[in-house]
Amino acid sequence: MTDVTGVPVDVLHTLFRSEQGGHEQVVLCQDRASGLKAVIAIHSTALGPALGGTRFYPYANEEDAVADALNLSRGMSYKNALAGLDHGGGKAVIIGDPEQIKTERLLLAYGRFVASLGGRYVTACDVGTYVADMDVVARECRWTTGRSPENGGAGDSSVLTAYGVFQGMRASAQHRWGDPSLRDRTVGIAGVGKVGHHLVEHLLQDGAHVVVTDVREQAVRAITDRHPQVAAVADNDALIRTEGLDIYSPCALGGALNDESVPVLTAAVVCGAANNQLAHPGVEKDLSDRGILYAPDYVVNAGGVIQVADELRGFDFERCRAKAAKIFDTTLGIFARAKADGIPPAAAADRLAEHRMAGALGAGSR
C-alpha cells in the first residue's frame, strides 16, 4: 500500500514513530541523468549540525535503504554525543553497487543534494565511499569532510576508528580481567577491510593472538601474507564458535549480534567497529544474561567521526589521537554506570547520550 506520493505507508509510519528516534528530516534524492538514488536522514541537530558518513550499498529495495539510513543516523546522534562533539547525527545512503554505478557525475549530483541542506548535514566516508569520492563531492558541497590532505582534508578516518576500537578493547579487558593489556588474548575479527586491517596491527603490537575472517578472500590473504601468525577461518559462523576466543570484534556490516549468533558465541567480550551490531532491541540483555561484556559500538568506533569533525576546524592528527584515546575512559565509565544501575552497557550508553542531548535542548541550543 502506498500514499499519494507512491511512498510505502509502512515507511512513512516508521519515519514518524517516536520510539525509533523521531528524526528531524529525511530527504529522498534522485538524479535520473546520473542514476543517483539516495536517502539523507537527519536524526538530530540538538548539539549542532548533523554529522555522519555516506554509505554506498546495493540494497535489496528502497525500504531497506530508508531503514538503514534511519538506524545509522540515530546511531550517529548517540555516537557524537558520547564523543563530546558539538554535532548531531545524520547519515546518507546511496542505493546501488558502487563497483557498477559510481561515477563522477553521480557523486557531483549527490554533492548538490547535500549542499541544498545548507549545512544541516555534514557528510564523510562510510562503507563504499572513500577519500577520493569525498574530494569529488566537495566540488559541489563545502559541508564535506574526509577529504584528502591535498584537498584540505584529514584523509582516511579508518586509522583513528581502529585506534578507538583498540582503546575500547583495552577498557573491556580492564573491566573483565583487571588488566588493559591484550597480550595473549585471542581476538576474532570479522571484516578486515578499511578498519579491520588497522585493528589487526594494533592487536599484534600489543601481543594478542588474532583470528580473522572476511567475505573477500583477497582481504584475508592480504593480512595473512603480511602476518603469517594470524589465523583465518572460513566465515563468521566459524569465528564466533572458535574455542578459546576471548574477544569477538565485528568490523563489517551491522546485525552481527542476533538470536542465532549470541547463543553460540564463545567470547567473553564483544568490541568491534561495525555500526548497529545489535540486530534488535533485547539482544543487549541476551548478551548480559550470558555474562558477555558488550562494548557499545557507537562508543568505541567514534575515532573516525572525531577525526572528520576536527577537519572542520583545521585538522591536527595528534589532537585527534589524544581525543580518540579518551574512548578508553568513556568505555570504562559506561561499564561502571551499567554496573551501578544494574543495566546492560548499551542501555547505560544510551542514557548518557540522551542526557547530553536533552541538556542541549533544555539550554535552548540548536
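Since we're looking at a predicted model, the values are computed, not measured.

In this section: the overall build of the chain. The helix and strand tally for the chain stands at 15 helices and 12 strands. The C-alpha radius of gyration computed for the chain amounts to 20 Å, which stays within 12% of the reference 21 Å derived for 366 residues, consistent with globular compactness. Seen through its principal axes, the chain has C-alpha atoms that stretch 55 × 45 × 45 Å. When each of the 366 residues of the chain is scored for burial, the buried share is 54%. Pairs at least 24 residues apart make up 65% of the contacts formed inside the chain by residues separated by at least 6 positions. Accessible surface, the chain as shown: approximately 15700 Å² in total, 50% of it carbon and sulfur. Between the centroid of the 35 positive side chains of the chain and the centroid of its 44 negative side chains there is a distance of 5 Å.

With that settled, consider helix α14 (residues 327-341). Compared with the 21 Å implied by 1.5 Å per residue over 15 residues, the 21 Å span of α14 between its first and last C-alpha is a close match. For α14, the full list of buried residues reads I327, F328, T331, I334, F335 and A338. Mapping the buried residues of α14 onto a view down its axis gives an arc of 130°, with all of them on the same face.

Here we come to the nonpolar core. Of all hydrophobic cores here, the largest spans 70 residues; its most connected members are Y110, I189 and L203. Looking at this core, the element that brings in the most residues is helix α6 (residues 158-177), giving 7 residues. If you look at the next biggest cluster of nonpolar residues, it comprises 17 residues, including V211, L245, V270 and V283.

Looking now at the side chain of E311. Topologically, E311 is positioned in helix α12 (residues 303-311). Those residues in contact with E311 that sit more than four places away from it in its chain are T144, T145, G146, R147, G152, G153 and A154.

Here we come to the sheet that holds strand β8 (residues 209-213). Taken together, the 6 strands give an open sheet; going across it, the order is β9-β8-β7-β10-β11-β12, and neighbouring strands pair in parallel fashion. Only two strands of the sheet have a single partner each, and these edge strands are β9 (231-232) and β12 (293-294). Lying over the sheet, helix α7 (residues 196-205) contacts β7 (186-190), β8 and β10 (247-250), oriented at roughly 170° with respect to β7.

Most peptide bonds take the trans configuration, and most residues that are not glycine carry a negative phi. Even without being a glycine, D184 presents a positive backbone phi close to 70°. Phi is positive for N276, close to 55°, though the residue is something other than glycine. As for its position among the elements, N276 is in the loop between β11 (269-270) and α10 (283-289).

The next subject is the packing of aromatic side chains. How two aromatic rings sit relative to each other is given by the distance of their centres and the angle of their planes. Applying the stated criterion across every chain, the model contains 3 aromatic pairs. Between Y57 and Y59 the ring centres are 5.1 Å apart and the planes differ by 70°, which places this aromatic pair in the edge-to-face class. In this structure Y57 comes out as partly exposed when scored by relative accessible area, which is 30%. Under the relative-accessibility criterion, Y59 is labelled buried at 12%. Aromatic pair Y78 and Y298: ring centres 5.7 Å apart, planes at 70°, arrangement edge-to-face. Of this pair, Y78 sits in helix α2 (residues 62-82) while Y298 sits in helix α11 (residues 297-300), and the two are 220 residues apart along the sequence. Of the two residues, Y78 and Y298, both sit in the buried class. A cation sits over an aromatic face here: R185 above W177, 3.9 Å from the ring centre. Across from the ring centre of Y163, 4.0 Å away, lies the NZ or CZ of R321, which sits over that ring.

This next bit is on the pairing of β10. Neither face of β10 is exposed, since I247 and S249 on one face and Y248 and P250 on the opposite face are all buried. The pairing of β7 with β10 spans 4 bridges and is classified as parallel. Counterpart to I189 in the pairing with β10 is S249.

Another aspect to go through is a nonpolar patch on the surface. There is a patch of nonpolar side chains on the surface, built from Y57, V127 and L253 and spanning about 210 Å² of accessible area. Relative to the assigned elements, L253 resides in the loop between β10 and β11. Judged by its relative accessible area of 35%, L253 falls in the partly exposed class.

Conventions and cut-offs
- Residues numbered from 1 in each chain as written.
- Predicted model: local features only at pLDDT ≥ 70, side-chain atom pairs only at ≥ 80, totals over all residues.
- Heavy atoms only, no water.
- Helix = DSSP H or I, 4+ residues; strand = E, 2+ residues; numbered from the N terminus.
- Rg over C-alpha atoms; globule rule 2.2 N^0.38 Å.
- Buried < 20%, exposed > 50% of the residue type's maximum accessible area, 1.4 Å probe, protein only.
- Contact = heavy atoms within 4.5 Å.
- Areas by Shrake-Rupley, 256 points an atom, 1.4 Å probe, with all protein chains shown as cover.
- Lys, Arg positive; Asp, Glu negative; His and termini not counted.
- Charge placed at Lys NZ, Arg CZ, Asp CG, Glu CD.
- Expected span 1.5 Å × (residues − 1).
- Arc of directions from axis to C-beta.
- Core = buried A, V, L, I, M, F, W, Y, C linked by side-chain atoms within 4.5 Å.
- Pairing = 2+ DSSP bridges.
- Axes fitted to C-alpha atoms, helices over the stretch in contact; angles between N-to-C directions.
- Phe/Tyr/Trp six-rings, centres within 6.5 Å; stacked < 30°, edge-to-face > 60°.
- Lys NZ or Arg CZ within 6 Å of the ring centre and 35° of its normal.
- Patch = residues over 30% accessible without salt bridge, like charges linked within 9 Å, V, L, I, M, F, W, Y side chains within 5 Å.
- Salt bridge = Lys/Arg side-chain N within 4 Å of Asp/Glu carboxyl O.

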